[in-house]
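Here is how the chains run, residue by residue.
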Amino acid sequence: MSNKIQAIRGMNDLLPKDSALWLSLEKTIFNLFLSYGFKNIRTPIVEKTDTFCRAIGEATDIVEKEMYSWQESNGESLSLRPEGTAGCVRAMIEHNLPREGIQKVFYQGAMFRHERPQKGRYRQFHQVGVEVFGADNAKIDAELMVMTYSLWQNLGLKNITLEINTLGSSEARANYRFLLTDYFTQHKDQLDEDSTRRLSTNPLRILDSKNKDMQSLINAAPKLMDYLDDESSKHFDEFKAYLDYLNIPYVINTRLVRGLDYYNRTVFEWTTTDLGSQGTICAGGRYDGLVEKMGGKPTPAVGFALGLERLILLLEAQEITLSEPPLSIYLVILGDDAQLRSMQVATQLHHALPEAILYNDITLGSFKAQFKKADKANADFALILGEEEMSNNQISIKPLKGQGLQQAMSLDEVIKYFKN
Ligand code: ATP
Ligand code: MG
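So, here's what we can say about the structure.

The rules we used
- Positions within a chain are numbered from 1, following the residues in the order the chain's sequence is written.
- All chains are assigned letters beginning with A, and all ligands numbers beginning with 1, in the order in which they are written.
- The predicted origin of the model limits local features to residues at a pLDDT of at least 70 and limits the giving and counting of side-chain atom pairs to 80 or more, whereas totals for whole chains, interfaces and linings rest on all residues.
- Hydrogens and waters are ignored; side-chain quantities use all the structure's heavy atoms.
- Any residue with a non-hydrogen atom lying within 4 Å of a molecule or strand is treated as near it.
- Whenever two N or O atoms come within 3.5 Å, that pair is a polar contact, provided that in protein one can donate a hydrogen and the other can accept it, and provided that, for residues adjacent in sequence, both atoms are side-chain atoms.
- In this description, accessible areas are obtained by the Shrake-Rupley approach with a 1.4 Å probe, and a residue is regarded as covered only by the protein chains that are shown.
- Numbering of helices and strands runs from the N terminus, with a helix taken as a DSSP run of H or I at least four residues long and a strand as a DSSP run of E at least two residues long.
- The pairing criterion is simple: DSSP has to find at least two bridges between the two strands.
- Interaxial angles span 0 to 180 degrees and are taken between N-to-C directions of axes, which are lines fitted to C-alpha atoms, for helices over the stretch in contact.
- A pairing counts as a salt bridge when a side-chain nitrogen of Lys or Arg comes within 4 Å of a carboxyl oxygen of Asp or Glu.
- The classification of residues rests on relative accessible area computed with a 1.4 Å probe and restricted to protein chains. Under 20% of the type maximum is buried, over 50% is exposed, and intermediate values are partly exposed.
- Any pair of Phe, Tyr and Trp rings, taking the six-membered ring for Trp, is counted once the centres come within 6.5 Å. Such a pair is stacked with planes under 30 degrees apart, edge-to-face with planes over 60 apart, and tilted for the rest.
- Here, a charge over a ring is recorded when the distance from Lys NZ or Arg CZ to the ring centre is within 6 Å and its angle to the ring normal is within 35 degrees.
- The handedness rule is simple: strands pointing away from the viewer, and a clockwise path from the first strand over the helix to the second, make the crossover right-handed.

1. Concerning the site of ligand 1
In step 1: The environment of ligand 1 is made up of 17 residues, and the closest members are Arg113, Glu115, Arg121, Tyr122 and Arg258.
In step 2: Side-chain polar atom of arginine 113 to an oxygen atom of ligand 1: 2.8 Å apart, as the coordinates give it.
In step 3: One nitrogen or oxygen atom from the side chain of glutamine 127 is found 3.0 Å from an oxygen atom belonging to ligand 1.
In step 4: Relative to its unbound accessible surface of 590 Å², ligand 1 loses 90% to contact with the protein.
In step 5: Contributions of two or more residues to the shell around ligand 1 are made by strand E6 (124-133), strand E10 (280-286) and strand E11 (301-307).
In step 6: Sorting elements by how many residues they give to the shell around ligand 1 places E10 first, with four residues.

2. Digging into the sheet that holds strand E4 (residues 77-80)
In step 1: Spatially, three strands are ordered E2-E4-E3 in an open sheet, and the strand pairing comes out antiparallel. This sheet does not close on itself; its edge strands, each paired only once, are strand E2 (46-48) and strand E3 (69-71). Recorded for the sheet is a direction-independent mean angle of 30° between the axes of neighbouring strands.
In step 2: Where E2 lies against E4, three bridges are found, and the strand directions are antiparallel. Paired with valine 46 across the two strands is leucine 80, which belongs to E4.

3. A short note on the pattern of salt bridges
In step 1: Scanning all chains against the criterion turns up 18 salt bridges.
In step 2: In this structure, the salt-bridge partner of arginine 197 is aspartate 194, at a minimum N-O distance of 2.7 Å. One end of the pair, arginine 197, and the other, aspartate 194, are both in helix H7 (residues 193-201), three residues apart, so they sit about a helical turn from each other.
In step 3: On the accessibility criterion, arginine 197 (34% relative accessible area) is partly exposed.

4. Overview of the packing of aromatic side chains
Any two aromatic rings considered together are summarised by their centre-to-centre distance and by the angle between their planes.
In step 1: Tallied over the entire structure, the rule returns 15 aromatic pairs.
In step 2: Centroid distance tryptophan 152 to tryptophan 270: 5.7 Å. Interplanar angle 75°. Geometry classified as edge-to-face. Of the two residues, tryptophan 152 is situated in helix H5 (residues 138-155) and tryptophan 270 in strand E9 (residues 264-271); the sequence distance between them amounts to 118 residues.
In step 3: Accessibility expressed as a relative area gives 3% for tryptophan 152, which makes it buried.
In step 4: Measuring from centroid to centroid gives 6.4 Å for tyrosine 176 and tyrosine 227, while their planes differ by 35°, and the two rings are tilted. Here the residue tyrosine 176 occupies a position in helix H6 (residues 170-186), and tyrosine 227 occupies one in the loop between helix H8 (215-219) and helix H9 (230-245), the gap between them amounting to 51 residues.
In step 5: Relative accessible area serves as the criterion here: at 40%, tyrosine 227 is assigned to the partly exposed category.
In step 6: An aromatic cluster is present here, built from Phe30, Phe33, Phe38, Phe106, Phe268 and Phe304 joined pairwise through their rings.
In step 7: Sitting over the face of the ring of phenylalanine 371, lysine 398 holds its NZ or CZ atom 5.6 Å from the ring centroid.

5. Quick notes on the pairing of strand E12 (residues 328-333)
Moving residue by residue along a regular strand, the side chains alternate between the two faces of the sheet.
In step 1: Buried residues dominate E12, accounting for six of its six residues.
In step 2: Of the two faces of E12, the one carrying Ser328, Tyr330 and Val332 and the one carrying Ile329, Leu331 and Ile333 are both buried.
In step 3: Pairing between E12 and strand E13 (residues 357-360): four bridges, direction parallel. Paired with tyrosine 330 across the strands is tyrosine 359, a residue of E13.
In step 4: With helix H12 (residues 336-352) bridging E12 and its parallel neighbour E13, the resulting β-α-β unit is right-handed.
In step 5: Across five bridges, the pairing between E12 and strand E14 (residues 381-385) is parallel. Looking across to E14, one finds that isoleucine 333 is bridged to leucine 385.

Here's what the structure looks like:
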């Protein structure tokens, strides 16, 4: 038993019994994004390590310690993608897409980060993300908020808060960085080990430290909001005006700096208190400088990623099932002729009732055994093809839930019966 094959820690199977919720969730999300004019983009799961380092930034948790990287025999370092933006930006530049006008894309798929696995935090997890290239107007930032807000409403989710902040221009941020470094240097004795290291590499990240002992120090730190450049200040005001006008509630969190280096101006997170400390279900912001930094023409951009595992956990916590199960029918069959006929019946039923689930029995067991299987499959109806039905060219319908009686009829009548 000890050499039983097992999956990697933090990388989970999605089993058939759990996958219906995932499928409905993904369908709801994709249809909504398509309806806002977004188109799907698919980039490789593996990219050059450098693509991620340049995009995400060297002094970030992801690049410092979370990437799965290895060396090819030619010495080149490759990595499993830890997030989706870097690959999108690389593809935009490589295929010159922003030249054709504003690009609104969404991606989905597995991401990989070497983190400590716990509820809501895994080593392989799944994101759906959205990116818009070529628009710097606050209107598009607001559209992303409306779209995500509608998603929570469509899913029936409650208790989700929008937190927003602005990181200003890179110049404003550089000036602020000096002030912040000064401030934390004056209180160096109160910094923990992580923050001491970040003081020289990425002092803004000290602001999102989760260490309780440092909260009062962080709360008293100078705020970037008070040192914004005029343009960014105006952009943030416009963003807030849209949210107010659209009645989207939000809180301003001046300590929201996000884990990735590439953000400027608008940053936001949708958070919930229903998932313990893994409470951020969707996060993103503006990254106007990234395309140029990655070797493309200057192109403003904004986007977000949502964590599907956390959304699923939240749906479960709030006891939301999303879709009514479709009509399901079990074909109970006895005799060789009936076996043959059942394939034809099933094919016609699939045509006539494309949403219905048909179980065409393949066990060739007794009637009794097949009805047991029908119950186990939780089918709504049994369709019976036995000797009598075969000789009358009929099919019997038997409701498996409730009181209905068994009745024999032609296939056309069966189809009519289900359509009503
Ligand atoms: P956190 O602060 O929780 O580590 P993050 O800032 O690293 O999050 P992003 O890189 O912004 O997360 O990713 C966007 C979303 O993807 C997160 O809000 C979360 O919902 C999800 N996510 C990130 N890392 C994981 C993970 N290891 N396991 C499951 N979901 C994750
Ligand atoms: Mg993280």
